[in-house]
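Overview (structure and organization)
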Amino acid sequence: MKDKNHIGGSLFEGLSASWPVCLGYIPIGIAFGVLAQKAGFTPFETGFMSLLVFAGSSQFIAVSMFSAGAGAVSIIATTFVVNLRHLLMSSSLSLFLGRSGRKKLFAFAYGITDESFAVNFSKFKSGDWDINRALIVNYSANIMWVLSTVAGGYGGQFIRPHSFGMDYALIAMFICLLVFQLKGPLYVFTALVAGISAVLLSLCLPGNSYIMIASVFAAGAGVFIKKILKSRM
Amino acid sequence: MIEREYLYIVFGMGFVTYIPRLLPVYFLSGRTLPGWFIEWLDLIPAAVLSALLLPELVTTGTPRLFIPYRLDMIVAVPTLLFAIKTKSLGGTVVTGMGLYWLLDIIFI
């Protein structure tokens, strides 16, 4: 029998949930490390940034802006806007974290990324998941991110990150986690509205604000449709 | 000096990234939320995942252009079918990677 509260058991379950995230972070992390090195960052500076910020797309944007000579204030403001979408993910996850202590919430919040959120939410939703396992997902992904970016900074040109289709790991993971979320017509409707409006918005809005706008709008449309269908019955 | 500028940037970025991650879990966890809000939050993951995914598949470049017949999109179709059929995360990731790798070799 496996003891559910055993640390080893949590560790194993956390890691078996997080491996696609960790795998997917390798090529992106290496690519970021290479970019940061070209912008004049030492591997230590790259790794320290990955540790403090831990948000891939904003780190890419920040380093590009830094190379282009942008100032600290505009880089930080851009980072804020790019990472604001985590508000939504953190809100959804809060549905499952009612009995967790404050310290763990502080530690958990740090590791909320698009990828860890997707894995943890789907695990929480299916039951059998707790904040300890979720923390292992977050921190194993974090360690992998930091190490990959440092590796890229040390000699990205010698590593071939694009082998074995690793570039596709996160996309395939998102496809499957989306399938897990589609538990009824209302979810399919919401996903379709979100996907189509995100594509349209991404073509006309700069940056990644389309993610948040499309998600807020689509989930709102889902709630609205549900209410209309209820009132008709 | 670059050192000081670097520290400002990194600590500033870390701070503004942490706040939106922290505030909802900190203030909403354990609260009694109105029903419509819970329903809305329950739909958010499907919405966010789809909003993250679809533009990645059918658009590319900066500014983004709509290019639906990209390798990313072509591989997504069998990957999606595999995910629906098997409901296996690991299997889907390996299948998606394998197909992408294979087709990437064939087409280049």
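Residues numbered from 1 in each chain as written. Chains lettered and ligands numbered in written order. Predicted model: local features only at pLDDT ≥ 70, side-chain atom pairs only at ≥ 80, totals over all residues. Heavy atoms only, no water.

Things to note about the overall build of chain B
For chain B, the helix and strand inventory stands at four helices and two strands. In sequence order, the secondary structure elements of chain B are arranged as α-α-β-β-α-α. For chain B, whose C-alpha radius of gyration is 20 Å, the value lies well above the compact-globule estimate of 13 Å for 108 residues. Sorting the 108 residues of chain B into buried and exposed places 45% on the buried side. Sequence-distant contacts, at least 24 apart, represent 20% of the contacts inside chain B between residues at least 6 apart. Approximately 5,800 Å² of chain B is accessible, and the part contributed by carbon and sulfur atoms is 72%. (Helix = DSSP H or I, 4+ residues; strand = E, 2+ residues; numbered from the N terminus. Rg over C-alpha atoms; globule rule 2.2 N^0.38 Å. Buried < 20%, exposed > 50% of the residue type's maximum accessible area, 1.4 Å probe, protein only. Contact = heavy atoms within 4.5 Å. Areas by Shrake-Rupley, 256 points an atom, 1.4 Å probe, with all protein chains shown as cover.)

A few points about the interface of chain B and chain A
With 69 residues of chain B at the interface, the matching set in chain A holds 92 residues. The junction of chain B with chain A conceals about 7,000 Å² of combined surface from both sides, 77% of it contributed by carbon and sulfur atoms. Taken together, chain B and chain A are joined by three salt bridges. The residue Lys125(A) makes a salt bridge to Asp42(B) at a minimum N-O spacing of 2.6 Å. Linking chain B to chain A there are 19 residue pairs in polar contact (both at pLDDT 80 or more). (Buried area = accessible area lost by both parts, 1.4 Å probe. Salt bridge = Lys/Arg side-chain N within 4 Å of Asp/Glu carboxyl O. Polar contact = N/O pair within 3.5 Å; in protein donor to acceptor, adjacent residues only side chain to side chain.)

Description of helix 4 (residues 72–83) of chain A
At 3.6 residues per turn, the α-helix brings residues three or four places apart onto the same side. All names here are of chain A. End to end, helix 4 covers 16 Å across twelve residues, agreeing with the expected 16 Å (1.5 Å per residue, within 8%). What helix 4 keeps buried is the set Ala72, Ile75, Ile76, Thr79, Val82 and Asn83. Seen along its axis, helix 4 keeps its buried residues to an arc of 125°; they face one direction. For helix 4, the exposed residues set more than 90 degrees away from the buried face come down to Val73 and Val81. (Expected span 1.5 Å × (residues − 1). Arc of directions from axis to C-beta.)

Here we look at the confidence of the model for chain B
Mean pLDDT for chain B: 91, with 97% of residues reaching 70 or above. The lowest-confidence element of chain B is helix 4 (residues 89–107) of chain B, averaging 90 in pLDDT; the highest-confidence one is helix 3 (residues 71–86) of chain B, averaging 96. (pLDDT = per-residue confidence, 0-100.)

Looking at the environment of Phe27(B)
Note on placement: Phe27(B) falls in helix 1 (residues 2–28). On a C-alpha basis, the gap between Phe27(B) and Ile74(B) in space is 42 Å, while along the polypeptide they are 47 residues apart.

Re the nonpolar core
Residues Met49(A), Phe108(A), Tyr168(A) and Met173(A) are the most contacted members of the largest nonpolar core, which totals 95 residues. Sorting elements by how many residues they give to this core places helix 2 (residues 35–58) of chain B first, with 14 residues. With residues up to four places along the chain from it excluded, the contact list for Phe108(A) reads Leu93(A), Leu97(A), Asn120(A), Ile131(A), Ala134(A), Leu135(A), Asn138(A) and Val25(B). (Core = buried A, V, L, I, M, F, W, Y, C linked by side-chain atoms within 4.5 Å.)

Focus: the packing of aromatic side chains
Enumeration according to the criterion identifies 18 aromatic pairs over all chains in this entry. Residues Tyr26(B) and Phe27(B) carry aromatic rings whose centres are separated by 5.2 Å and whose planes lie at 90° to one another, so their mutual orientation is edge-to-face. The class for Tyr26(B) is partly exposed, based on a relative accessible area of 22%. With a centroid separation of 5.9 Å and 15° between ring planes, the pair formed by Phe37(B) and Trp40(B) is classed as stacked. One end of the pair, Phe37(B), and the other, Trp40(B), are both in helix 2, three residues apart, so they sit about a helical turn from each other. Of the residues examined, Phe37(B) reaches a relative accessible area of 17% and is grouped as buried. For Trp40(B), a relative accessible area of 13% gives the class buried. An aromatic cluster of at least three residues, connected via ring pairs, comprises Tyr25(A), Phe32(A), Phe54(A), Phe60(A), Tyr110(A), Tyr139(A) and Trp145(A). (Phe/Tyr/Trp six-rings, centres within 6.5 Å; stacked < 30°, edge-to-face > 60°.)

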